[in-house]
Amino acid sequence: MYLLSGVTKTYKKGRDSVQALCGVDLAIEDREWLAIQGPTGHGKSTLLQILGALDRPTCGSVVFNGQDLAVMPESRATKVRAASVGFIFQTFNLIPTLNAQENVEAALVPLRVHAAERRSRAAESLSQVGLGDRLRHLPSELSGGQQQRVAIARALVKEPAVLLADEPTGNLDEGTRDEIIVLLEKVWRELGLTLILVTHDSTVARRAGRIGVMQYGRLTIQQESRPSAL
């Protein structure tokens, strides 16, 4: 699935340089669940963006299914991102003027899926996350947990190979957090996805097959952790 070698990311800040990633080496197997923890500002989200082809490393290689995202033309990277990677964010990133179904449909527009099929697939995806009766609700009419379910449905509707989740429970209370993580684990198992999840929450991280810790831009993989029920 993924093979990262010597991945470094340096940002310019005025005359100074900030190294967000420092020589990251990482292999991620197909259908694996990897959780990444670490202090704020130590490179977790930067690594996730590079895995999702939203950003490129300053140096190093990011091989995804045999293709190096680091040197891939932007037009090709856009297609890989649109077709193969589903994103879930802490702040949901829903369009406030679109209802739940329309928000989910939006993920299919870059794939040139016809309108009727978009509507059908969006409705099915929302039903899959328990929101089949909320298709016409705007984000403002939904709870935080329901909004995150819409975001998960949007990530799943294009049938990706990879789910990248950046603090998906960070804005939720403990009970809703547990519901969302149980849902993510369910779709990960049933759909055979690769799930890479950034979290500060050790309760969430312990459900993953492996846990990595980012500190000062360096990634250390801990021993395997057996997923357990919340």
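Residues numbered from 1 in each chain as written. Predicted model: local features only at pLDDT ≥ 70, side-chain atom pairs only at ≥ 80, totals over all residues. Heavy atoms only, no water.

Chemist: Looking at this structure, I do not really get helix α5 (residues 144–156). What am I missing?
Modeler: In an α-helix, one turn spans 3.6 residues; hence positions three or four apart end up facing the same way. Look at α5: 18 Å from first C-alpha to last across 13 residues, which is about the 18 Å you get at 1.5 Å a residue. Within α5, 12 of the 13 residues are buried, leaving the element largely enclosed by the surrounding structure. When we look at burial in α5, the residues that qualify are Gly145, Gln146, Gln147, Gln148, Arg149, Val150, Ala151, Ile152, Ala153, Arg154, Ala155 and Leu156. Check the buried side of α5 and you find it contacts β6 (85–89), α3 (100–105), α4 (115–128), β7 (162–166) and α6 (174–191). (Helix = DSSP H or I, 4+ residues; strand = E, 2+ residues; numbered from the N terminus. Expected span 1.5 Å × (residues − 1). Buried < 20%, exposed > 50% of the residue type's maximum accessible area, 1.4 Å probe, protein only. Contact = heavy atoms within 4.5 Å.)

Chemist: Honestly, unusual backbone geometry in this entry has me stumped. Any pointers?
Modeler: In most cases, non-glycine residues show a negative phi, while peptide bonds are predominantly trans. Even without a glycine there, the phi angle at Asn65 is positive, about 50°. Within the secondary structure, Asn65 is located in the loop between β4 (59–64) and β5 (67–68). Note on Asn65: relative accessible area 47%, which makes it partly exposed. Positioned with a positive phi, Tyr216 is a non-glycine residue whose angle comes to about 50°. Tracing the sequence through the fold places Tyr216 in the loop between β9 (210–215) and β10 (218–221). Judged by relative accessible area, which is 65%, Tyr216 ranks as exposed.

Chemist: Explanation requested: the sheet that holds β10 in the structure shown.
Modeler: Sheets are built from strands paired through backbone hydrogen bonds, the pairs being either parallel or antiparallel. Taking strand neighbours across the sheet as the criterion, the 6 strands line up as β6-β7-β8-β3-β9-β10 in an open arrangement whose pairing is mixed. The open sheet is flanked by β6 and β10, the only strands paired with a single partner. Going from strand to strand, the sheet's axes swing by 20° on average, the running direction of each strand aside. Running over the sheet, helix α1 (residues 44–51) touches β3 (33–37), β7, β8 (194–198), β9 and β10 and is turned about 155° from β7. (Pairing = 2+ DSSP bridges. Axes fitted to C-alpha atoms, helices over the stretch in contact; angles between N-to-C directions.)

Chemist: Which parts of the structure should I look at to understand the layout of surface pockets?
Modeler: Take a probe with the size of a water molecule and roll it over the atoms, and the empty space left behind shows itself. Within this model, the largest pocket holds a volume of roughly 350 Å³. Forming the boundary of the largest pocket are 15 residues, of which Phe87, Ala106, Ala107, Arg154 and Lys158 lie nearest the centre. Mapped onto the lining of the largest pocket, the elements with two or more residues apiece are α2 (74–84), β6 and α5. Per element, the largest residue contribution to the lining of the largest pocket is 3 residues, and it comes from β6. Volume-wise, the second largest pocket comes out at about 170 Å³. If you trace the second largest pocket, you find it lined by Arg121, Glu124, Ser125, Gln128, Leu156, Val157, Glu159 and Leu191. Residue classes in the lining of the second largest pocket are distributed as 3 nonpolar, 2 polar and 3 charged. (1 Å grid on protein atoms, 1.4 Å probe; cavity = no way out; pocket = protein on both sides within 12 Å on 5 of 7 lines; lining within 4 Å. Points joined across faces, edges and corners; volume = space filled by probe spheres on them. Nonpolar A, V, L, I, M, F, W, Y, C, P; charged D, E, K, R; others polar.)

Chemist: Looking at this structure, I do not really get empty space enclosed by the protein. What am I missing?
Modeler: According to the stated counting rule, one finds 1 cavity of 30 Å³ or more in the structure shown. Here the largest cavity defines a volume of roughly 30 Å³. Looking at the largest cavity, the residues that line it are Ala53, Asp55, Arg56, Leu69, Glu74, Ala77 and Arg81. Here the lining of the largest cavity is built from residues that sort into 3 nonpolar, no polar and 4 charged.

Chemist: Got a minute to help me understand the packing of aromatic side chains in this structure?
Modeler: We describe a pair of aromatic rings using the distance from one ring centre to the other and the angle between the two ring planes. Under the definition given, this model contains 3 aromatic pairs. Aromatic pair Trp33 and Trp188: ring centres 5.3 Å apart, planes at 65°, arrangement edge-to-face. One end of the pair, Trp33, is in strand β3; the other, Trp188, is in helix α6, with 155 residues separating them in the sequence. A single burial state applies to Trp33 and to Trp188, both of which are buried. Here the aromatic rings of Phe87 and Phe89 are separated by 6.1 Å at their centres, their planes lie at 5°, and the arrangement is stacked. (Phe/Tyr/Trp six-rings, centres within 6.5 Å; stacked < 30°, edge-to-face > 60°.)

Chemist: What exactly am I supposed to notice about the sheet that holds β4 here?
Modeler: The sheet built from 4 strands is open, its strands ordered β2-β1-β4-β5 with antiparallel pairing. Of all strands in the sheet, those bounded by a partner on one side alone are β2 (16–28) and β5. As judged from the 2 bridges shared by β4 and β5, these two strands associate in the antiparallel manner. In the sheet register, Phe64 faces β5, and the bridge partner there is Gln67.

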